[in-house]
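A look at the structure
This is what each chain is made of:
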Amino acid sequence: MTEQPSLIEYPCDFPIKIMGRAQQGFTETVLNIVKTHAPDFKETSLEVRASKNGNYLCITCTIWAVSRAQLDALYQELHDHPMIMLVF
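Residues numbered from 1 in each chain as written. Predicted model: local features only at pLDDT ≥ 70, side-chain atom pairs only at ≥ 80, totals over all residues. Heavy atoms only, no water.

Here we take up the overall build of the protein chain. When its secondary structure is counted, the protein chain shows two helices and four strands. Along the protein chain, helices (α) and strands (β) appear in the sequence β-α-β-β-α-β when read from the amino end. Here the C-alpha atoms of the protein chain give a radius of gyration of 13 Å, agreeing with the 12 Å that 2.2 N^0.38 yields for 88 residues. Based on the C-alpha atoms only, the size of the protein chain along its principal axes is roughly 45 × 30 × 20 Å. (Helix = DSSP H or I, 4+ residues; strand = E, 2+ residues; numbered from the N terminus. Rg over C-alpha atoms; globule rule 2.2 N^0.38 Å.)

Taken together, four strands build an open sheet; the order of strands is 2-3-1-4 and the sheet is antiparallel. Whereas interior strands pair on both sides, the edge strands pair on one side only; in this sheet they are strand 2 (47–50) and strand 4 (84–87). Mean inter-strand twist for the sheet, computed between neighbouring axes without regard to direction, equals 25 degrees. Bridge count for strand 2 against strand 3 (residues 56–65) is four bridges, and the pairing is antiparallel. Bridge pairing in strand 3 places R49 opposite C58. In the packing of helix 1 (residues 26–37) onto the sheet, the strands contacted are strand 1 (12–21), strand 2, strand 3 and strand 4, and the crossing angle to strand 3 comes to about 20 degrees. Together, strand 1, strand 3 and strand 4 form the strand contacts of helix 2 (residues 68–80), whose direction differs from that of strand 1 by roughly 5 degrees. (Pairing = 2+ DSSP bridges. Axes fitted to C-alpha atoms, helices over the stretch in contact; angles between N-to-C directions. Contact = heavy atoms within 4.5 Å.)

Moving on to a nonpolar patch on the surface. A cluster of nonpolar side chains, namely M85, L86 and F88, defines an oily patch on the protein surface of about 290 Å² accessible area. Residue placement: M85 occurs in strand 4. (Patch = residues over 30% accessible without salt bridge, like charges linked within 9 Å, V, L, I, M, F, W, Y side chains within 5 Å. Areas by Shrake-Rupley, 256 points an atom, 1.4 Å probe, with all protein chains shown as cover. Salt bridge = Lys/Arg side-chain N within 4 Å of Asp/Glu carboxyl O.)

As far as function goes, none of this settles anything; it's purely spatial.
Structure representation (structure tokens):
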């Protein structure tokens, strides 16, 4: 199988949305994973929104993406974590 060409022109700002249950440590867990793959990520740009009833959190992290490999690895680690329900 050949790799598809990327439609994204790197480097660029790239927003990632992460959703999970509102539980202790969720935001910190997401932040640690993101900073592993994007060490220059600024915590001040982190956006956290709670669902209507407060049961879920949606976190938006806009990272400086430098390659498709970086994004693939970040998405995979986020997807594999048990606290995270959805990554888009």
